[in-house]
Amino acid sequence: MDELGHMRAFLREAEAKEEDAQPRLQEWIKQVREAAYDTEDILDEFVARFARHRATGFYGSVRRIFSSIKNLRARRRVASEIQSIKSRIKSISEGHQRYQSEYGIPAQASNSLSVVNNTTWRHSRDDALLVEEAKLVGIDQPKKHLISQLLEGDDYQLKVVSVVGMGGLGKTTLVKRVHEDPEVRRHFPVRAWVTVSQTCDFQDLLKDLIRQLHVEGKKPVPQSIESMATTELKKFVKGFLQQAGRYAIVFDDVWDVEFWNTIKFVLTESSHGNCVMLTTRKADVASASCTESLGYIHRMEPLSFEDSWTLFCNKIFKGNSCPGHLMDVAKVILGKCEGLPLAILAISGLLALKDVNRIEEWEMVRRSLGGELEGTGKLDRVKKILSLSYSDLPWRLKTCLLYLSIYPEDYEIGCRRLINLWIAERFVEWREGRSIEDVARCYLSELVNRSLIQLTKVFYEGSPYTCRIHDLLREVILLKSMEQNMVTVTTGQPTMWPSDKVRRLVVHSSSSNNTQHHQQRRSYCFDHLRSFITVGSMNPLLSKPLLSDVLRSSKLLKVLDLVGQETQEEIPNEIFKMFHLNYLSLWGTRVERVPKAIGKLQHLEYLNLGDTGVRELPIEILKLQKLRVVRVYQQVDSLDDDYGYHGFKAPSNMGGLLALELLDCIDVSSGSRIIKEIGKLTQLRELYITKLRREDGKELCCSLANLTSLQRLSIASIGKGDDHVLIDLNHHHPSLSSSSSCSSSFLQSLHMLILYGRLEKMPQWVAHLHGLVRLDLNWSGLRGEEDPLESLQHLPNLSIINFCGSYLGEGLCFTAGGFLKLKRLHLKRMEGLRWMRVEEGALPRLQTLFLQQLPLLEELPLGIHYLSHLQRLSLYEMSSQLREKLLEDQKEESEDYRKIAHIPEILIGYYTDDRKWRRRSLWEEKKKKHNHS
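Residues numbered from 1 in each chain as written. Predicted model: local features only at pLDDT ≥ 70, side-chain atom pairs only at ≥ 80, totals over all residues. Heavy atoms only, no water.

Enquirer: Explain the overall build of the protein chain residue by residue, including any values.
Expert: The number of helices and strands found in the protein chain is 30 helices and 31 strands. Looking at the protein chain residue by residue over its 933 residues, the buried ones come to 52%. At a minimum sequence separation of 6, the contacts of the protein chain that also span at least 24 residues come to 65%. Carbon and sulfur atoms make up 49% of the accessible area of the protein chain, which amounts to about 43,500 Å² in all. (Helix = DSSP H or I, 4+ residues; strand = E, 2+ residues; numbered from the N terminus. Buried < 20%, exposed > 50% of the residue type's maximum accessible area, 1.4 Å probe, protein only. Contact = heavy atoms within 4.5 Å. Areas by Shrake-Rupley, 256 points an atom, 1.4 Å probe, with all protein chains shown as cover.)

Enquirer: I'd love a proper account of helix α23 (residues 471-483), names of residues and values included.
Expert: With 13 residues, α23 ought to run about 18 Å at 1.5 Å a step, and its terminal C-alpha atoms sit 19 Å apart, in line with that. Buried residues dominate α23, accounting for 11 of its 13 residues. Burial in α23 covers these residues: Asp471, Leu472, Leu473, Arg474, Glu475, Val476, Ile477, Leu478, Leu479, Lys480 and Ser481. Looking one or two places after α23, you find asparagine 485, whose phi comes out positive at around 50°. (Expected span 1.5 Å × (residues − 1).)

Enquirer: Pulling in residues and values, what's your account of the packing of helix α15 (residues 327-337) against helix α17 (residues 359-367)?
Expert: Packing of α15 against α17 brings their axes to within 10 Å, and their N-to-C directions diverge by 20°. Here α17 runs roughly parallel to α15, going by the angle between their axes. Seen from above, α15 lies across α17 with left-handed handedness. Across the interface between the two elements, Val329, Ala330, Val332 and Ile333 from α15 touch Ile359, Trp362, Glu363, Val365 and Arg366 from α17. Of the residues that constitute the contact of α15 with α17, the class distribution is seven nonpolar, no polar and two charged. (Axes fitted to C-alpha atoms, helices over the stretch in contact; angles between N-to-C directions. Parallel < 35°, antiparallel > 145°, perpendicular 65-115°, else oblique. Left-handed = near helix turned anticlockwise from the far one by under 90°. Nonpolar A, V, L, I, M, F, W, Y, C, P; charged D, E, K, R; others polar.)

Enquirer: Describe the nonpolar core, listing the residues and the values that go with them.
Expert: Proteins that are soluble and globular tend to have nonpolar side chains buried together. Counting residues in hydrophobic clusters, the biggest one holds 118 residues, and the most contacted among them are Phe532, Leu663, Ile666, Leu687, Leu704, Leu753 and Phe814. Here the element with the most residues in this core is helix α25 (residues 540-553); it accounts for four residues. When near neighbours in sequence (up to four residues on either side) are disregarded, phenylalanine 532 contacts Leu505, Val507, Leu546, Leu547, Val550, Leu557, Val559, Leu560, Asp561 and Leu562. One finds Leu334, Leu350, Trp422 and Ile469 within the second-largest nonpolar core, a separate group that totals 91 residues. (Core = buried A, V, L, I, M, F, W, Y, C linked by side-chain atoms within 4.5 Å.)

Enquirer: Quick rundown of the side chain of aspartate 561? Include the residues and the values.
Expert: On the secondary structure map, aspartate 561 appears in strand β12 (residues 559-561). A polar atom in the side chain of aspartate 561 sits 3.2 Å from the backbone nitrogen of valine 563. Separated by 3.2 Å, the side chains of aspartate 561 and tyrosine 583 make a polar contact. Residues within four places of aspartate 561 in sequence aside, it is in contact with Arg417, Leu421, Phe532, Ile533, Thr534, Tyr583 and Ser585. (Polar contact = N/O pair within 3.5 Å; in protein donor to acceptor, adjacent residues only side chain to side chain.)

Enquirer: I'd like to hear about helix α22 (residues 436-449), residue by residue, with values.
Expert: In a regular helix each residue adds 1.5 Å, so 14 residues correspond to 20 Å; α22 covers 20 Å between its end C-alpha atoms and thus fits that length. Along α22, the positions that sit buried rather than exposed are Ile436, Glu437, Val439, Ala440, Arg441, Tyr443, Leu444 and Leu447. At its buried positions, α22 is contacted by α20 (395-403), α21 (415-424), β8 (463-468), β20 (686-692) and β21 (712-717). Downstream of α22 by a residue or two, serine 451 has a phi angle that is positive, lying close to 65°.

Enquirer: Please give an account of the sheet that holds strand β2 (residues 190-195) that cites residues and values.
Expert: A sheet is described by the order of its strands in space; here five strands give the open sequence β2-β3-β4-β1-β5, paired in parallel fashion. With one partner strand each, in any of the chains shown, β2 and β5 (294-299) form the two edges of the open sheet. Direction aside, neighbouring strands of the sheet carry axes that sit 15° apart on average. (Pairing = 2+ DSSP bridges.)

Enquirer: I'd like a rundown of the pattern of salt bridges, residues and numbers included.
Expert: Evaluation of the coordinates by the stated rule reveals 35 salt bridges. Put simply, arginine 829 and aspartate 640 hold a salt bridge, and the shortest N to O gap is 3.0 Å. Of the two residues, arginine 829 is situated in the loop between β26 (824-828) and β27 (835-838) and aspartate 640 in the loop between β16 (634-635) and β17 (645-646); the sequence distance between them amounts to 189 residues. The buried category is assigned to aspartate 640, whose relative accessible area is 14%. Through salt bridges that share partners, Glu40, Asp41, Asp44, Arg503, Arg530 and Lys558 make up one connected network. (Salt bridge = Lys/Arg side-chain N within 4 Å of Asp/Glu carboxyl O.)

Enquirer: Any chance you could break down the confidence of the model for the protein chain for me, citing the residues and the numbers?
Expert: Should pLDDT be low for a region, the predicted coordinates there are not to be read in detail. Within the protein chain, residue pLDDT values average 82, and 84% of them lie at 70 or more. Contacts for the low-pLDDT stretch residues 512-519, under 50 throughout, to residues beyond four places or in other chains number nine contacts. (pLDDT = per-residue confidence, 0-100.)

Enquirer: Talk me through the packing of helix α7 (residues 140-151) against helix α8 (residues 171-179); I want residue IDs and the actual numbers.
Expert: The contact between α7 and α8 brings their axes to 10 Å, and the two run at 55°. Relative to α8, the element α7 lies oblique. As α7 runs across α8, the sense of the crossing is right-handed. Residues Pro142, Lys143, Leu146, Ile147 and Leu150 of α7 lie in contact with α8, whose contacting residues are Leu174, Arg177 and Val178.

Enquirer: So what's going on with the sheet that holds strand β7 (residues 454-460)? Residues and values would help.
Expert: Pairing in this open sheet of three strands is antiparallel, and the strands run β6-β8-β7 from one edge to the other. Strands at the two margins of the open sheet, each flanked by one partner only, are β6 (413-414) and β7. Two elements, β6 and β8, share two bridges in a ladder whose sense is antiparallel. Across the sheet, residue glycine 414 finds its bridge partner in β8, namely threonine 466.

Right, here's the structure in full:
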């Protein structure tokens, strides 16, 4: 284990130089990595065989003696393998001595290599600035916007404009056009452009800045700066800028917040209205630079398809249109670029060398884009620029990013699944005072901030739901992942694996039905396999033999993820022999029963049986003291999630699983005993309860008072839809009994609350949940005199409200000063609702208003014109009068249209008489009618 620690430490440092290393060093690093993998295997095999829980007493002694005799051969084999590893390590160490002068981690050679790399990168950035104006598309609008930010506003404060986005988006090009604009040059007579990069020398940077400022001011550059120390150079720059007048300085390619924290003290504020612009890939750099000054952050967006197509055709066809026979393949190739200008220029430069009359040459490029990135051709620069972001990552984030190679291109990645896989793979380092999931979420946030991962959906504020990565970045990390033998991806087809030591096997869905070749398939041995993961449904004719091979030979398996494999009807017995298994997901399978043998999985931390037929867990589950996550549920109505979920019946002593952080979804219809057990699970962060009886509400509130870390809570009573029985939750911790105790600890960590079931009145404690971000009320059926808005309107962090069948009154009024942070409001299935009113000053930040199945609401909400930040209004299955009024009204200046003219997107969805679904955009309908007339 000591030697393994040394090898891991070496690999962390060596990998940073692997990209530019000589072939001999790359081979040497590969040998160390493989030795580390084999050492892990030996240690895990030893633990699995010989380091289990020791029995005590006479019978324990007899059992130990019998076990020693029984495992004698295995002990000898393990000892032999340890000796073999020691010999390999010795050989590698000797190689280290021989090649020290070539690759030495702290050696002078590496420093010179950094200088060479930095120089090359500077030349590469200079090339980016030489792109001809004719080749630039989609730059006019952002350029005008940034210029207006520089020239308008307060002239007595330093302005800072940060342009942030992933590598290759054209940040440098955009800022250069702004910096060189004649109007900007007139406004800022003193100007400078400084390229920072990852490995800048701060002293050299200051000297470069001084030279530029003197040249711009037509003054001789003082020779004394060559001998000045950093502190003197700072003072010199600051003194010069104080006397220089109005200046504009660009710091291009800033990688570190520390750089800004150092340089900001050199920049003077004066009455001249000076300006600083930054380009960066990292959101935290952009935020830090704009915090203390008059700051503006411009998030660089990819080119639209139209602009991408224009740039593509300009480069290849010199402005002419694309030939018809190349149209389809050209669009597929362009789609890979996803609006990244650098990639479009590089790929189009490659295609410009191809014969336009030979479609097979274009098809070859389409099929081999990953290979082109690997070589030294036109796309090599794209790879280098994208690789820079990877190289800048700390070790822990590099591993997490490489792990994303398990997903196919264009795949929408579930953030929760990804985070739990990171944890199971031991990529996430435990930190004092924080849950492991919080640390993993920080990793995800950091990758998002560095523009390497793009969030696509958010569950609620601050809670990422799905994400994705750029296709070309995926190609880069796929290559690196293969180099490190980290992940092996297959479609399940019979094939030779790229390595005879597959460590993580990922199976992507395959549409192939070719079984003839499959019948000749030989069995495979996966002795070194640690993870087996499926992404999408596998072909059942291919999956069963492959899974059989995996389960038969993978004794060291830690992660088994069979999400969505509908042909899996039971849990294979081989799984219960996997001593090291810590992650088991059978989500979406047809499994209906959990065997008692589950108790053998002593290291299991994550168990996901969501969307299966399992309704009960055996008492043996209580042996799994490391369980952190248990998910066992199934949607009541597969077509409509408004009706909640079936849960599972738990053993009566469920409170013994003290490590549980997530419990989803537990059936408590058996009574108060199981509810008391829930109160013992003090580490719970998420709790989902179903089939709560009315008489158990008070006991549940007592248990909830113990759960001080709870962040998400869902409670459903017995029943379905408006047949739910009453939930009696109007009980709370004694400390809330007086009005002066509103800051009680009762559920103060709660961010999300979901209630399924009828309520006589809103529980009083809900109004004290100051951390609440999202609230869902389903089928609560509150009467008109019990307005649900009144007790909620002053919750300081409430951002999302979803009401479904929650209110039986005729009207809802949003009063001035209420719901100050609400961004999304979804009202559904309130069949008695006739009117809505929004007072001026209510809902000031509302962005989305979703009204669905409100058959008596015949008018738009009164005061809707006050919702100045509303971006989207969705009206689904509303009254036919309201629909016809909006879709058929021909009066351009009608009162209704004036009320909603400020809303960019208005969608109207409804069923036609023959039950076909229609979804129409109001402004598109108006545009069609205008064009027709």
